[in-house]
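Structural features, examined
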Amino acid sequence: MEVVSIAIVSFSFLLFLFFILRDPRQKNLPPGPRPLPIVGNLLQLGDKPRAEFAKLAQKYGQLFSLKLGSQTVVVASSPAAAAEVLKTHDKILSGRYVFQSFRVKEHVENSIVWSECNDNWKLLRKVCRTELFTPKMIESQSEIREGKAREMVKFLRSKEGEVVKIVEVVFGTLVNIFGNLIFSKDVFDLEDPTGGSVELKEHLWKLLEMGNSTNPADYFPIMGKYDLFGQRRAVADVLQQIYDVWGINLKERRGMKGSESNNDFVDVLLNAGLEDQKINALLMELFGTGTETSASTIEWAITELTKKPLVVSKIRLELVNVVGDNTVKESDLPHLPYLQAFVKETLRLHPPTPLLLPRRALETCTVMNYTIPKECQIMVNAWAIGRDPKTWDDPLNFKPERFLSSDVDYKGNDFELIPFGGGRRICPGLPLASQFISLIVATLVQNFEWSLPQGMSTSELSMDEKFGLTLQKDPPLLIVLKARPSYI
Ligand code: HEM
């Protein structure tokens, strides 16, 4: 017993010394705050890491390092540093840091989001690029999205004068858009919260919540093996439940004849010869990654429009000039430059994944003359880059006009605007997301006026911290709608 106690004390002391003596500069890591023993810089994170990281970048520079528990993390916070990570060293920094809760073996193996850039990942990316998100496929499904936008308008008209949690309606509409793009079915019933595929809705919701919750094992991977808090087990269970729902659908589809098939993702993937497990994993991930990010962007768009009536008027004027009395369609979007500038400006200030998805160094490499060790986690602070006064004139002011005379775009080549990331792991859903975000914003502006509920003022909306990600605990955006003349 005594020997065991001595061993434990000695081990703890050595661990303590290791953390105390560790100094990033000795390893030629990028500079950063000195870590505390064991916890590293965890206590400095606060509840909005993107903002804390932005402050650290001001002190330590565009590429800094810190310790989150036992994990070494490097953060890139300028367009030049982002280009180093996402372009120059893209291949070597293309690993993903897989959150401990999501390390469910079968899931990671089939995942596009979490797997290495291996053959499976290449196959899934190819399917996305050549089958699902081609201009032809996107165009062929535009009527589905336009139809769901019309249903949203019909539902919101029935709520005229009431206080509406707008993001819930937008989220429901997006989930139905995805349900129909993927397997030609609605998931939500906007009119009846107990209707639709309640089961699937609940599983998806649970999964998104799990994705947003903290797992201590992410900071102390040594704990990960034991899944002490049962988070990995819980994720595995929900994934299985989701696959079970989709699995039934796939079985039905395999039995269908050619004439009965739909023009949806399931058909495309079955025709591409993918196995059920791969199809399930891909569809679930497209659903998961696409809905929350897009709903959050639209929520921010409505927030900014609520604060800036002049911007609403400009979008409306453009709609009148281009679309006239007709319902706005996706084919109109290329002719609406102000609307597009508005969406860019929303994503500049409010990227829904502010630190992108964490990357991992596959090998030790040198970036901007610093050493990035193998297995180090790399984050890119897209939020800070979008607000950097060195890059943007009057950065905190919401001004879509800044994009009217500029070629800067979010397609991964302009590192000052990277809400969708860049390099080989750039968001494959970008072409689809930009399409339906613009469509829904235009549809709302065309059909409604809105204001905040009585007693709330727009100055409350200027608090960045208050109105945040859709599914987190922050209060949702409440609005009262007034219908405009019908365009539907
Ligand atoms: C406003 C909407 C969206 C934003 C801002 C967004 C942002 C991102 C970001 C930052 C990444 C990581 C990129 C990197 O590592 O460099 C990503 C990856 C991904 N996104 Fe999106 N996304 C959006 C919508 C969508 C949609 C609609 C879909 C699919 C229908 C989608 C599917 C994916 C997938 C599958 C990945 C993983 C790619 C990989 O690791 O290879 N996203 N997204």
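Here the structure is a predicted model, which means the values were calculated and not measured.

1. Description of the side chain of N120
Examined against the element boundaries, N120 turns out to sit in helix α5 (residues 119-132). Residue classification places N120 among the buried residues on the basis of a relative accessible area of 13%. Dropping the residues within four chain positions of it, N120 is found in contact with E109, N110, S111 and K278.

2. Observations concerning the sheet that holds strand β10 (residues 478-483)
Strand-to-strand pairing in sheets goes through backbone hydrogen bonds, with the strands running parallel or antiparallel. Pairing is antiparallel in the open sheet, where 3 strands are placed in the order β4-β10-β9. Here the strands that pair on one side only, and so sit at the sheet edges, are β4 (163-165) and β9 (448-451). Geometrically, the sheet is characterised by an average inter-axis angle of 50 degrees between neighbouring strands, direction not taken into account. Where β4 meets β10, 3 bridges bridge the pair, whose relative direction is antiparallel. Bridged to V163 within β10 is V480. In the packing of helix α7 (residues 142-157) onto the sheet, contacts are made with β4, β9 and β10, and the angle to β9 comes to roughly 55 degrees.

3. Side note on the site of the ligand
In the vicinity of the ligand lie 28 residues, with R96, W121, R125, R359 and C427 positioned nearest. Taking R96, its side chain carries an N or O atom lying 2.8 Å from an oxygen atom of the ligand. Measuring from an oxygen atom of the ligand, one finds a side-chain N or O atom of W121 at 2.8 Å. Looking at the shell around the ligand element by element, the count peaks at 6 residues for helix α12 (residues 276-307). Classifying every residue of the shell around the ligand gives 15 nonpolar, 9 polar and 4 charged.

4. Digging into the packing of helix α14 (residues 337-349) against helix α16 (residues 430-447)
Where α14 contacts α16, the axes come no closer than 10 Å and their chain directions differ by 110 degrees. On the basis of their axis angle, the class for α14 and α16 is roughly perpendicular. Helix-helix and strand crossings are classified by hand; for α14 and α16 the assignment is right-handed. Residues L339, F342 and V343 of α14 touch α16, and the partners they reach there are I437, S438, V441 and A442. Taken together, the residues of the contact of α14 with α16 break down into 6 nonpolar, 1 polar and no charged.

Rules used in this analysis
Residues numbered from 1 in each chain as written. Predicted model: local features only at pLDDT ≥ 70, side-chain atom pairs only at ≥ 80, totals over all residues. Heavy atoms only, no water. Helix = DSSP H or I, 4+ residues; strand = E, 2+ residues; numbered from the N terminus. Buried < 20%, exposed > 50% of the residue type's maximum accessible area, 1.4 Å probe, protein only. Contact = heavy atoms within 4.5 Å. Pairing = 2+ DSSP bridges. Axes fitted to C-alpha atoms, helices over the stretch in contact; angles between N-to-C directions. Near = heavy atom within 4 Å. Polar contact = N/O pair within 3.5 Å; in protein donor to acceptor, adjacent residues only side chain to side chain. Nonpolar A, V, L, I, M, F, W, Y, C, P; charged D, E, K, R; others polar. Parallel < 35°, antiparallel > 145°, perpendicular 65-115°, else oblique. Left-handed = near helix turned anticlockwise from the far one by under 90°.

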